[in-house]
Amino acid sequence: MKPKIFIDGEHGTTGLQIRTRMAGRSDVELLSIPEAERRNAQLREDLLNSADVAILCLPDDAAKEAVAMVSGNNQVRIIDTSTAHRVNPDWAYGFAEMDREQPKKIAGARYVANPGCYPTGAIGLLRPLRLAGILPEDYPVTVNAVSGYTGGGKQLIAQMENADHPEHVASPHFLYGLPLKHKHVPEMQVHGLLSRAPLFAPSVGKFAQGMIVQVPLYLADLNGHASLGSIHEALADHYAGQDIVEVVDLKESAALPRVDAVELADTDRMKLYVFGTAGAPHVNLVTLLDNLGKGASGAAVQNMDLMLKG
Ligand SMILES: NC(=O)C1=CN([C@@H]2O[C@H](COP(=O)(O)OP(=O)(O)OC[C@H]3O[C@@H](n4cnc5c(N)ncnc54)[C@H](OP(=O)(O)O)[C@@H]3O)[C@@H](O)[C@H]2O)C=CC1
Ligand SMILES: CC(=O)N[C@@H](CCC(=O)OP(=O)(O)O)C(=O)O
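Residues numbered from 1 in each chain as written. Chains lettered and ligands numbered in written order. Predicted model: local features only at pLDDT ≥ 70, side-chain atom pairs only at ≥ 80, totals over all residues. Heavy atoms only, no water.

(A) Spotlight on the domain arrangement of the protein chain. Per the domain assignment, the segments making up the protein chain are domain 1 (4-115 + 296-309) and domain 2 (117-291). Placing the centre of domain 1 and that of domain 2 at their C-alpha centroids yields a distance of 25 Å. At the junction of the two partners, domain 1 supplies 19 residues and domain 2 supplies 29 residues. Summing both sides of the interface, domain 1 and domain 2 together bury roughly 1,900 Å²; the carbon and sulfur share of this comes to 47%. In this assembly, domain 1 and domain 2 are joined by three salt bridges. Put simply, Arg-21 and Asp-268 hold a salt bridge, and the shortest N to O gap is 2.7 Å. Remark: the boundary between domain 1 and domain 2 carries 13 residue pairs in polar contact (both at pLDDT 80 or more). Counting only elements with at least two residues in the side of domain 1 that touches domain 2, the list comes to α1 (13-22) and α10 (293-309). (Domains from an automatic or database assignment. Contact = heavy atoms within 4.5 Å. Buried area = accessible area lost by both parts, 1.4 Å probe. Salt bridge = Lys/Arg side-chain N within 4 Å of Asp/Glu carboxyl O. Polar contact = N/O pair within 3.5 Å; in protein donor to acceptor, adjacent residues only side chain to side chain. Helix = DSSP H or I, 4+ residues; strand = E, 2+ residues; numbered from the N terminus.)

Rendered as structure tokens:
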């Protein structure tokens, strides 16, 4: 029998992208809720309890409610794309490339928390350097990022795309999260293996999908005479043999005039760069991804596939 998959929130931004990725797959049976019934709690509960894997593409509160709806049913496994469970030790963190044993953990888990889009970029840079002993645990990490506006879901999409919207945003690029209390900070700290919360400055650009995450570092404050080369080597070693995450060659990075936020839009890939000049005091670590690809829906399908194999 084919495994049954239910996407709770399938008519939202992340849910729709997961559905697109599942189109044409004959190895799974997709359970579906009509759009008009998407908030029908009884129907959702029935579908959640009929699934082998339920993928939650809901706001945090609704995701917690959905988990409660299947708490007595050991047959249902959950992938939650919300922020609700990402630092909960009872949940496997769904970033398969973060450690060698992570795919196995995801494959065997009942509950998988899909990572946030910005944290995927930041943890992708920070964790390998912590594990290699290059980045001190208490380094004052800053994370600067720009996201495509689909990161804000249906509401921000409507504000950006519809000039008649009462809260229309005409700006081509804006900063937000100005009180520095963004919901992604705990996740970056825990899975980035940091003792101090990183200072996170997000922004949104007038493009639908794409993301750049930057972590600039002072070499003199790193361990073991770190250099452009040793940082690149640590990242390249960590991701050796991976097909989704690529560490861009130092020479190729050095020849680039710019990094384009939308280069990986509509893909599930992620590229890591190490920028700077040999012998100079700074490096800038950069991740390029699609906020809805490796940053959300692509990772959710990757995790589902691991769980179905596991
Ligand atoms: N967009 C992105 O780039 C990313 C999003 N995520 C996460 O994915 C989750 C979904 O976000 P996103 O797809 O962007 O959001 P959207 O607003 O685009 O979609 C959310 C969907 O959930 C439905 N919904 C909301 N509340 C309930 C409820 N109580 N019961 C049933 N359905 C409900 C909405 O219906 P309605 O239309 O009626 O509101 C909508 O269809 C969030 O937790 C978000 O943090 C994670 C990574 C990246
Ligand atoms: C542009 C924008 O608004 N982005 C969202 C993050 C995307 C999202 O909701 O992601 P998670 O589920 O990973 O938390 C925000 O800053 O809240």
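(B) Representation of the sheet that holds strand β2 (residues 29-31) in the model. Taken in spatial order, the six strands of this open sheet run β2-β1-β3-β4-β6-β5, and their pairing is parallel. Of all the strands in the sheet, just β2 and β5 (92-93) have a single pairing partner and so form its edges. Note: strand β4 (residues 77-80) against strand β6 (residues 111-113), three bridges, orientation parallel. Note that in β6 the partner of Asp-80 across the bridge is Ala-113. On the sheet, helix α2 (residues 41-50) packs against β1 (4-8), β2 and β3 (53-56) and is oriented at approximately 145 degrees with respect to β1. Here α10 sits on the sheet in contact with β1, β3, β4 and β6, set at roughly 160 degrees to β4. (Pairing = 2+ DSSP bridges. Axes fitted to C-alpha atoms, helices over the stretch in contact; angles between N-to-C directions.)

(C) Quick peek at the environment of Phe-275. Structurally, Phe-275 can be placed in strand β13 (residues 270-276). Through-space distance from the C-alpha of Phe-275 to that of Ser-297 is 28 Å; in sequence the pair is 22 residues apart. Not counting residues within four places of it along the chain, the set of residues in contact with Phe-275 comprises Leu-228, Ser-253, Leu-256, Val-259, His-282, Val-283, Asn-284 and Val-286.

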